[in-house]
Amino acid sequence: MKPDKNREPAAICGELVAALEAQVEKQDQIIRIQEETIQALTEHNEKLMAFIDRLSRH
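Here is what the cut-offs are and how they apply
Residues numbered from 1 in each chain as written. Predicted model: local features only at pLDDT ≥ 70, side-chain atom pairs only at ≥ 80, totals over all residues. Heavy atoms only, no water. Helix = DSSP H or I, 4+ residues; strand = E, 2+ residues; numbered from the N terminus. Rg over C-alpha atoms; globule rule 2.2 N^0.38 Å. Buried < 20%, exposed > 50% of the residue type's maximum accessible area, 1.4 Å probe, protein only. Areas by Shrake-Rupley, 256 points an atom, 1.4 Å probe, with all protein chains shown as cover. Lys, Arg positive; Asp, Glu negative; His and termini not counted. Charge placed at Lys NZ, Arg CZ, Asp CG, Glu CD. Salt bridge = Lys/Arg side-chain N within 4 Å of Asp/Glu carboxyl O. Patch = residues over 30% accessible without salt bridge, like charges linked within 9 Å, V, L, I, M, F, W, Y side chains within 5 Å.

Tell me about the overall build of the protein, and name the residues and values.
The helix and strand inventory of the protein stands at 1 helix and 0 strands. Computed over its C-alpha atoms, the radius of gyration of the protein comes to 24 Å, more than 25% above the 10 Å expected for a compact globule of 58 residues. For the protein, the residues scored as buried account for 0% of the 58 residues in total. A total accessible area of about 5600 Å² is found for the protein, and carbon and sulfur atoms account for 61% of it. One way to put it: in the protein the 8 positive side-chain charges average out to a point 6 Å from where the 11 negative ones average out.

Lay out the pattern of salt bridges with the relevant residues and their values.
Tallied over the entire structure, the rule returns 3 salt bridges. A salt bridge links Glu-15 to Arg-7, with the shortest nitrogen-to-oxygen separation between them at 2.3 Å. Classification of Glu-15 as partly exposed rests on a relative accessible area of 39%. Owing to a relative accessible area of 28%, Arg-7 belongs among the partly exposed residues under this scheme. One salt bridge connects Arg-57 with Asp-53, and the closest N-O pair in it is separated by 2.7 Å. In this pair, Arg-57 and Asp-53 are both assigned in helix H1 (residues 9–57), 4 residues apart and thus about one turn of the helix distant. Look at Arg-57 and you get exposed, because its relative accessible area is 64%.

Give me the lowdown on the environment of Gln-39, citing residues and values where you can.
Looking at where Gln-39 falls in the secondary structure, it is placed in helix H1. Looking at Gln-39, the relative accessible area reads 44%, which means it is partly exposed. In this structure the C-alpha to C-alpha distance between Gln-39 and Val-17, which are 22 residues apart in sequence, comes to 33 Å.

Break down a nonpolar patch on the surface for me, with residues and values.
Together, Leu-48, Met-49, Phe-51, Ile-52 and Leu-55 give the surface a local cluster of nonpolar side chains, amounting to about 490 Å² of exposed area. Following the sequence through the fold, Phe-51 ends up in helix H1. The partly exposed category is assigned to Phe-51, whose relative accessible area is 41%.

Printed below as a string of structure tokens:
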């Protein structure tokens, strides 16, 4: 982004803050999705381990 010398520094700062806030929100969304994925995979692994355990008993 090229600096615009005709613009107010406060306006530029406001845009930067807004862009950073949007980036933080996107990162929060990614983290939530990753947490949900980890939870789903953990539950799946537990089911697989239970299945393997049942098979190994026979």
